[in-house]
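# Structural overview for review
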Amino acid sequence: MLVVGGAGYVGSHMCLRLHEAGHRITVLDNLSSGHRQLARWGEFVHGALEDRPLVEMLLKSRAIDVVMHFAAMSEVGQSVADPYMYYRSNVVATLGLLEAMRAQGVTRLIFSSTAAVYGDPQSARIAEDHPRRPVNPYGKTKLAIEYILEDASTGYGLHAVSLRYFNAAGADPLARIGEHHDPETHLIPRLLRKAAGEAIDVRIFGSDYPTHDGSCIRDYVHVCDLADAHLQAFHFSQRAPGFHAFNLGSGQGYSVREVIRAVERVTGCRMAVPCAGRRVGDPAALVADSDRAAAELGWMPRYQDIDRIVEDAWRWQQRGVSAQALPMAALLA
């Protein structure tokens, strides 16, 4: 199995899950945003998805039968500032991967997509039949790839599963790997870094939304639950030809203020988080309807409680992030 982007946050947890399930893994990552110390399972190859000869060599020499694709640029603000870079990195690179797969007769792909393909929500819970109208270049690149996968399933017999994440969060419960972005833009790790004593500015963007406490509501899905879903999608792709898309969320929404209180409970640290104005494009609530994943993949999230998600992330914050200065041998122990 080839895992593209397996040194990143979700990709590394997927490699751990595949290793535990007994699969042979080859990881391809250019380390532009991933970290070598997170790629601890399987063979690691440092290279770019755009390197067509390298990709074809890996597909052929490793007898790859399925590709899991996590490699992408994913910062919304950056995508607005530099859309060409996002279309080139996300869409063009993925098209090259698909062409290499076709040349080598590899017909199965599990694709890491996003709830950003939906755009502004038109219902309290978002199901897969919700209109796909992304509002930023990042979401548009993911939707463009989904259109390519749909057409490739018809034209070339590709079997593809697109998994649309909501807010990935948490970490491996044993703190072997976890979330580490640079810069870090996600709420939970930013709060935890603040709780750990870092001089980091965290704000509540918007306090006048039509929610129970005025702050935005989001659906946080544990990264280990995402890995389980990918493994189930892998098995699903063996029996279900064509293109399929599934939402992955806990189905439970938590407000920004509720997440702050969860961090305070877990860390024992009282946090003063000031309010700021709303950010453009932030909807009041985004909560997943994952009934299709339950019915067709047999997937049910195991870690729905926000305190558990924060606990695992905090354990990684205490062990994993501080371990970044350690040599590779210590990290792999």
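Just so we're clear, the structure is a prediction, and the values are computed from it rather than from any experiment.

Here we come to the environment of V263. Mapped onto the elements of the fold, V263 is located in helix α8 (residues 256-267). Put simply, V263 and L174 are 89 residues apart on the chain and 19 Å apart in space, counted from C-alpha to C-alpha. Contacts of V263, omitting those with residues within four sequence positions, involve L191, L192, G268, M271 and V310.

Moving on, we get to unusual backbone geometry. A positive phi is found at L31, a non-glycine position, where the angle reads about 60°. Note that L31 resides in the loop between β2 (26-29) and β3 (43-46). Under the relative-accessibility criterion, L31 is labelled partly exposed at 26%. If you check the backbone angles, A175 has positive phi at about 60° while not being a glycine. Within the element layout of this structure, A175 appears in the loop between β7 (167-169) and α6 (187-195). Here A175 falls in the buried class, since its relative accessible area comes to 3%.

Compared with an ideal rise of 1.5 Å per residue, which puts 20 residues at 28 Å, helix α5 (residues 137-156) spans 27 Å between its outermost C-alpha atoms and is within 8% of the ideal. Within the sequence span of α5, burial applies to P137, Y138, G139, T141, K142, L143, I145, E146, L149, A152 and S153. Immediately downstream of α5, the backbone of G157 shows phi near 75°, a positive value.

This part takes up the packing of α6 against α8. Following both chains from N to C, one finds α6 and α8 inclined at 40°, their axes separated by 10 Å at the closest point. Overall, the two elements α6 and α8 adopt an arrangement that is oblique. As α6 packs across α8, the resulting crossing turns out to be right-handed. Between α6, through L187, I188, L191, L192 and A195, and α8, the contact on the second element is made entirely by V256, V259, I260, V263 and T267.

Okay, the side chain of E56 next. Mapped onto the secondary structure, E56 falls in helix α2 (residues 52-61). Within the local environment of E56, its side chain forms a polar contact with the side chain of R52, the two groups lying 2.6 Å apart. Beyond its immediate chain neighbours, meaning those up to four positions away, E56 contacts A100, A103 and Q104.

All chains considered together, the criterion is met by one aromatic pair. Seen from their ring centres, F236 and F246 are 5.4 Å apart, and the 90° between their planes marks the pair as edge-to-face. Of this pair, F236 sits in helix α7 (residues 223-239) while F246 sits in strand β10 (residues 243-248), placing them ten residues apart in sequence. Across the pair, F246 and F236 agree in class, each one buried. Looking at R278, its charged tip hangs above the ring of Y209, at a distance of 4.0 Å from the centre.

Attention now moves to the confidence of the model for the chain. Looking at the chain as a whole, the pLDDT averages 93, with 96% of positions reaching at least 70. Contacts for the low-pLDDT stretch residues 322-333, under 50 throughout, to residues beyond four places or in other chains number twelve contacts.

Okay, the environment of I188 next. Tracing the backbone shows I188 in helix α6. Taking C-alpha positions, I188 is 26 Å from L143, a pair spaced 45 residues apart along the chain. Beyond its immediate stretch of four places on either side in the chain, I188 contacts A169, Y220, V259, I306, I309, V310 and A313.

In this model, helix α4 (residues 83-103) (21 residues) spans 29 Å end to end at C-alpha, consistent with the 30 Å of a helix rising 1.5 Å per residue. Those residues of α4 hidden inside the fold are in contact with α2, β4 (67-69), α3 (76-81), β5 (108-114) and α5.

Parameters and conventions
Residues numbered from 1 in each chain as written. Predicted model: local features only at pLDDT ≥ 70, side-chain atom pairs only at ≥ 80, totals over all residues. Heavy atoms only, no water. Helix = DSSP H or I, 4+ residues; strand = E, 2+ residues; numbered from the N terminus. Contact = heavy atoms within 4.5 Å. Buried < 20%, exposed > 50% of the residue type's maximum accessible area, 1.4 Å probe, protein only. Expected span 1.5 Å × (residues − 1). Axes fitted to C-alpha atoms, helices over the stretch in contact; angles between N-to-C directions. Parallel < 35°, antiparallel > 145°, perpendicular 65-115°, else oblique. Left-handed = near helix turned anticlockwise from the far one by under 90°. Polar contact = N/O pair within 3.5 Å; in protein donor to acceptor, adjacent residues only side chain to side chain. Phe/Tyr/Trp six-rings, centres within 6.5 Å; stacked < 30°, edge-to-face > 60°. Lys NZ or Arg CZ within 6 Å of the ring centre and 35° of its normal. pLDDT = per-residue confidence, 0-100.

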